[in-house]
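Single-letter residue listing:
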Amino acid sequence: MARIIVVTSGKGGVGKTTTSASFAAGLAKAGHRTAVIDFDVGLRNLDLIMGCERRVVYDFVNVINGEANLKQALIKDKRLDNLYILPASQTRDKEALTQDGVGRVLEELAQDFDYIVCDSPAGIERGAMLAAYFADDAIVVTNPEVSSVRDSDRIIGILSSKTRRAERGEEPVTTRLLLARYAPGRVQKGEMLSVEDVCEILAIDLLGVVPESKAVLAASNAGVPVIMDEDSDAGQAYQDAVARYLGEERPHRFLNEKKGFLGRLFGSGNS
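Report on the accompanying structure. These figures come from a predicted structure and were not determined experimentally.

Regarding the overall build of the protein chain
Each helix and strand in the protein chain was counted, giving 13 helices and 8 strands. The globule rule puts the C-alpha radius of gyration for 271 residues at 18 Å, and the 18 Å found for the protein chain is close to it. Across its three principal axes, the protein chain shows a C-alpha extent of roughly 65 × 40 × 30 Å. Looking at the protein chain residue by residue over its 271 residues, the buried ones come to 54%. A sequence separation of at least 24 residues applies to 74% of the contacts in the protein chain between residues at least 6 apart.

Pasting the structure below:
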């Protein structure tokens, strides 16, 4: 059976869809059959970041409503044979997602895939609650700022109490932190929370730290998950996070500011 992973946060604009796309691509690159679903009905950004927006014919809501089957709606990734995308509807209301309908789609996907990555909308609206409800694992994406961390803390509470696993008294959802848009220089100036601050507040395991990087925007504009840019710092950070999720031990990079040539020559620290 597939492992269902929800990528979630309390606040919008923190990097959930970037994370969903890169995480799904990373799992597929590692040889696992992976489906990634956009739960953000009405907005739909995942297909843009995956570079398949022109190939959307049927969507998640069409499948729930019986207007199309999964094979018709799933879009095979251009780059990775193991990766498929199920886009959200741009024209429907968020109420179009039902617990029974989402459950049926996930159950059918679970027969063919190893991992199902659910790209959740922000906050606690219907799509976000349904994406979280069926999760086995959760990646809580937050930025190193107080409002983002506070909202993430609320989501962690929901993951511990309002999921199918919680209702059934099963093992709780495995919840891990991905800290995005981290800028060590701004942390040193007191403009951002440190990794230690965020981990202390949220009290969940750290899966990865993704540095603030121009590569993320460039990849999004090109319709390519940033993990595919293996030379970029953000791409490498996502590769590390996927490897850790799959059980590999890797040190956390990008926690310190990169030094210029003179800094490397005369300083002892490195990134």
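Topic: the packing of helix H1 (residues 16-29) against helix H12 (residues 233-245)
Interhelical geometry of H1 versus H12 gives an angle of 60 degrees and a closest axis separation of 9 Å. If you check the angle between H1 and H12, you find them oblique. H1 and H12 meet at a crossing whose hand is right-handed. Only Tyr-238, Ala-241, Val-242 and Tyr-245 of H12 make contact with H1, whose side of the interface consists of Thr-18, Thr-19, Ser-22, Phe-23, Gly-26 and Leu-27.

Structural notes on the pairing of strand S1 (residues 3-8)
A large share of S1 lies buried, amounting to 5 of its 6 residues. Where S1 meets strand S5 (residues 115-119), 5 bridges bridge the pair, whose relative direction is parallel. If you follow Val-7 over to S5, its bridge partner there is Asp-119. Examined bridge by bridge, S1 and strand S6 (residues 137-142) share 4 bridges and lie parallel to one another. Looking at the pairing, Thr-8 lines up with Val-140 of S6.

A few points about the nonpolar core
Grouped together as the largest cluster of nonpolar side chains are 52 residues, with contacts concentrated most on Phe-39, Phe-60, Leu-86, Leu-97, Val-102, Leu-109 and Ile-116. Beyond its immediate chain neighbours, meaning those up to four positions away, Leu-86 contacts Val-36, Ile-37, Asp-38, Asp-59, Phe-60, Val-63, Leu-70, Ala-73, Leu-74 and Val-105. By size, the runner-up hydrophobic cluster in this structure holds 38 residues, among which are Phe-23, Ile-49, Val-56 and Tyr-238.

Here's the deal with the pattern of salt bridges
Per the counting criterion, the structure on display carries 13 salt bridges. Two residues, Asp-137 and Arg-3, come together in a salt bridge whose shortest N-O distance is 2.9 Å. Taken as a pair, Asp-137 in strand S6 and Arg-3 in strand S1 lie far apart in primary sequence, 134 residues in all. Residue Arg-3 is classed as partly exposed on the basis of its relative accessible area, which comes to 31%. A salt bridge links Glu-212 to Arg-186, with the nearest nitrogen and oxygen atoms 4.0 Å apart. A residue pair is termed long-range when its members are at least 10 positions apart, and Glu-212 in the loop between strand S8 (205-211) and helix H11 (214-222) and Arg-186 in helix H9 (residues 184-188) qualify at 26 residues. The exposure class of Glu-212 is partly exposed, given its relative accessible area of 43%. For Arg-186, a relative accessible area of 34% corresponds to the partly exposed category. Through salt bridges with shared partners, a single network forms among Asp-240, Glu-248, Arg-250 and Arg-253.

Definitions and limits used
Residues numbered from 1 in each chain as written. Predicted model: local features only at pLDDT ≥ 70, side-chain atom pairs only at ≥ 80, totals over all residues. Heavy atoms only, no water. Helix = DSSP H or I, 4+ residues; strand = E, 2+ residues; numbered from the N terminus. Rg over C-alpha atoms; globule rule 2.2 N^0.38 Å. Buried < 20%, exposed > 50% of the residue type's maximum accessible area, 1.4 Å probe, protein only. Contact = heavy atoms within 4.5 Å. Axes fitted to C-alpha atoms, helices over the stretch in contact; angles between N-to-C directions. Parallel < 35°, antiparallel > 145°, perpendicular 65-115°, else oblique. Left-handed = near helix turned anticlockwise from the far one by under 90°. Pairing = 2+ DSSP bridges. Core = buried A, V, L, I, M, F, W, Y, C linked by side-chain atoms within 4.5 Å. Salt bridge = Lys/Arg side-chain N within 4 Å of Asp/Glu carboxyl O.

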